[in-house]
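Fold and geometry: a report
Listed here are the chains, written in short residue letters.
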Amino acid sequence: MIALLSLTLVNVIAQNNNGSAAGNITDANTFKPIAAATVTISNGKTVVSDSLGRYRVMGIQPGSYTLTATAIGYQAISKFNLVISTGNENEVSFELQPKTDRLQDVIVTNNIRQAKVATLVTPLSVQRLTTEEIRAFPGGNFDISKVVQSLPGIGGAATGNGPRNDIIIRGGAPNENVYYLDGIEIPVINHFATQGSAGGPQGILNVSFIEDVKLSSSAFDARFDNALSGVLEFKQKQGNRNRLQGNVRLGASELAATLEGPLNKKQNLTFIASARRSYLQYLFSLLDLPIRPYFWDFQYKVTYRPDAKSTLTFLGVGAIDEFTYAAPKEPTPEKLYTINQVPNNNQWNYTGGITYRRSLNNGSFNIAISRNALDNELIKYDDNDKSSISKLRFNLNFRETENKLRTDIRQQVNGWNITYGLVAQLVEYRTSTYQRRRAAITDNSGNVIQPADVFNFNADLNFFKYGAFFQSGKKFLDDRLGISAGIRTDMNSFTAYGSNPLAALSPRVAVSYLLSEQFTLNATVGRYAKIPPYTVLGFQNNNGVYANQNSDYLISTHYVAGVEYLPKATTRFTFEGFLKKYNNAPISLRDGISLSNQGADFGAIGNEPVVTNGKGESVGFEFFAQQKLTKKIFGTLSYTFFHSRYTNAKGRYSPSAWDSRHLLTLAGGYKFKRNWELGIKYRFQGGSPYTPYDEAASRANYLTQGVGVFDNSRFNTLRLGNLSSSDIRIDKKWNFKKVTLDLYLDVTNWWAAKAPSVDSYTFKRTADNSGFATTDGQPININGSNAIPVRLSNSDALVLPTIGFIVEF
């Protein structure tokens, strides 16, 4: 029987199993289909697009290829490292830029400029990732948010809460970034997101949907509001129009299934949909870890093209998250600390929208209607004892919803590229907040030495946000010089100065000069504005008054200059220097520190009284080198040095929580014969600053807070050690008839490097861990006066091996 199965398997593999690629070719400015365009594969095969700009190449032997699209009157575009398999037809679309007059004194020989990822509007500070780069990235585990952290200028937050997807761009806070999915903003891209911020432990977006990801860390298009540090644009592919296909993926923490295909015989209505379920709660139970996180997420996209000029898109993404805890079988001080500190956390969120795009003779018209919502519940009792309301530490319920309308028109007029439009939003924010910030502490005589500090309110806030933008650009001096300028204004109906169009006025200009075919100089200066988080705006004092209604828009001004060197179409080098200046940063009235230092923890930030008079700055430089795969080898190298700091309530600057100074990432891979692939990544991050504990306040409040209290008079005066780690991944693919199996081993932190983190403050426990030890042998006092303070290390080495598979069918 075994011999028969072996012969059958060999026979199946030996069959002439070939793959295919298909897609659309359109004009990048008008989005009209380009007929008679030629698509060439690096194996020599070619095909011509039809009258609707569609093409399909059949009979491709499985492997990695470069696809190049060319058309008369357009610049050629190549896409590298496109994996063709028998399981799924690869959907590869091209948007071609019209050719302009030939550059004088510049000889274009190998079409090197196609390697440029920047645009006229954003000529610098731009990086792109393809779906294959995300899938195969070592340590990424198909999580887009983790892979993005390998790009220049981007770091992750260093905390004792395990790995998170906080995206820290050039020293800015994680809530300074915005995310767009096919032109629709998605505020939440991570499971267990931090309210008022953005990060979380696991990404939501399914890599099977992604065609590419574009990151802009400056020179933002005026279309985007609330962006201070970064704009991430996720471009999704369309569902395959030729056949029904899909994949099933088992990863480190979840099982995911994706299905796509046509919905009618005309092949102008397609879909792609997925569902994913985590199994972390079972794994953590087997490991006797006290936390029990698990989640669901869902994603879909439906595309309808009624004619050659119109595209109607329906899309949605949502998640259900639950985070609970359980008593461990073998209690240890570390496990018991986690139980005492971690709250019950239930979340759900979704974004759904409709976009309509219509090609015009000289541009396009776009309109997008969307709705997004986040519901977040956090509950915690002292000692997890729910028997008495007096033990309630906090009960926080948040619900924020945005209903959005965005319209914009893009036109080309006498060589000028012009974009203008309007946006309107209805914001609904509700919260029910009970939060004991400090419990009442008395001495042995009953005298109050610390009064209680409690927030207890219910807020129901509804208001409008609206804005307008205009962007234009043109090339001069035989296309050597490109100049782009934009302006936008944002207003709202709630804050005291929200109706003033000048308060958040955001002009910006970018310049690009082509020195030669290989070298380009780029520079930008711009002012960008962001409304405070809804947790800040919706905070009420105990008298029911909105305490932060006088808050201003947070302002960031960027000054960036750099050079780009493109020695050939597959190789790219960039070097940039940057300075970001912040004004109107919110500062906590209770703690006296900038809220821009917060966001890398679970729960919520900003639900407190603030004053928006803080300042900040981040200055540094970054270098990036990339080699696209053409034969066997591909890789990237990025290094960033920066110094980030913010002021406190007294106007004094201190290093920010993100001020790790050094970021170095090297990543690469090699494709062997017989569909074996090896990938490896090395990551170095400088030590982040941290604040020592206030010993007296920590002792007095630990039993009612569950954590130590930091001494903000010495804010970020200490610094952790450096982080140096590496991830490795090995893939092996088998291509059967109409089925592909990819088996992989991905090991995060394979050499067991320790991640420096702040120690946790707690009290020493008894030998059997049944309670706290005391200095006098008596029951512990509520103010901790007879406790024995100790520290628990959070710097253990975490090695995460994953054996997973992907089945394409």
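Only a predicted model underlies this, so the values are computations on that prediction, with no experimental measurement involved.

A grouping of Ile633, Tyr670, Phe672, Trp676, Leu678, Ile730, Leu743, Leu745 and Ile803 is seen on the molecular surface, where their side chains present a nonpolar patch of about 810 Å² in accessible area. Within the secondary structure, Tyr670 sits in strand S38 (residues 662–671).

Before going further, it helps to spend a moment on the environment of Glu95. Here Glu95 lies in strand S8 (residues 94–96). Take Glu95: its relative accessible area is 31%, and that puts it in the partly exposed class. Considered as a pair, Glu95 and Ala28 are 67 residues apart in the sequence and their alpha carbons are 4.6 Å apart. Setting aside residues up to four positions removed in sequence, Glu95 forms contacts with Thr26, Ala28, Phe31, Ile77 and Lys235. A distance of 3.3 Å separates the side chain of Glu95 from the side chain of Lys235, its partner in a polar contact.

Now for the nonpolar core. The tendency in soluble globular proteins is for nonpolar side chains to be buried as a group. Formed by 35 residues in total, the largest nonpolar core has its most connected members in Ile134, Ile144, Val148, Tyr179, Val213, Leu232 and Phe234. For this core, the secondary structure elements donating two or more residues are helix H3 (144–148), strand S12 (177–181), strand S16 (210–216), strand S17 (230–236), strand S22 (310–325) and strand S24 (363–381). Contact partners of Phe234, with chain neighbours within four places excluded, come to Ile144, Tyr179, Tyr180, Leu181, Asp182, Leu205, Ile210, Asp212 and Val213. Membership of the second largest hydrophobic core comes to 21 residues, among which are Phe394, Tyr429, Ala529 and Tyr553.

Taken over all residues, the pLDDT of the chain has a mean of 91, while the share at 70 or more is 95%. Taken as a whole, residues 102–110 scores under 50 in pLDDT and shows 17 contacts with residues more than four places along the chain or in a different chain.

Scanning the entire structure with this criterion turns up 11 cavities of 30 Å³ or more. The computed volume of the largest cavity comes to approximately 420 Å³. At the level of elements, S12, S24 and strand S25 (392–413) are the ones that each hand at least two residues to the lining of the largest cavity. The dominant element in the lining of the largest cavity, judged by the number of residues it contributes, is S12, at 3 residues. Considering only residue class, the lining of the largest cavity consists of 12 nonpolar, 8 polar and 5 charged. Quantified by volume, the second largest cavity comes out at close to 140 Å³. Lining the second largest cavity are 14 residues, with Asn175, Pro533, Leu554, Pro586 and Ser596 sitting closest to its centre. Broken down by class, the residue content of the lining of the second largest cavity amounts to 9 nonpolar, 3 polar and 2 charged.

Conventions and cut-offs
Residues numbered from 1 in each chain as written. Predicted model: local features only at pLDDT ≥ 70, side-chain atom pairs only at ≥ 80, totals over all residues. Heavy atoms only, no water. Patch = residues over 30% accessible without salt bridge, like charges linked within 9 Å, V, L, I, M, F, W, Y side chains within 5 Å. Areas by Shrake-Rupley, 256 points an atom, 1.4 Å probe, with all protein chains shown as cover. Salt bridge = Lys/Arg side-chain N within 4 Å of Asp/Glu carboxyl O. Helix = DSSP H or I, 4+ residues; strand = E, 2+ residues; numbered from the N terminus. Buried < 20%, exposed > 50% of the residue type's maximum accessible area, 1.4 Å probe, protein only. Contact = heavy atoms within 4.5 Å. Polar contact = N/O pair within 3.5 Å; in protein donor to acceptor, adjacent residues only side chain to side chain. Core = buried A, V, L, I, M, F, W, Y, C linked by side-chain atoms within 4.5 Å. pLDDT = per-residue confidence, 0-100. 1 Å grid on protein atoms, 1.4 Å probe; cavity = no way out; pocket = protein on both sides within 12 Å on 5 of 7 lines; lining within 4 Å. Points joined across faces, edges and corners; volume = space filled by probe spheres on them. Nonpolar A, V, L, I, M, F, W, Y, C, P; charged D, E, K, R; others polar.

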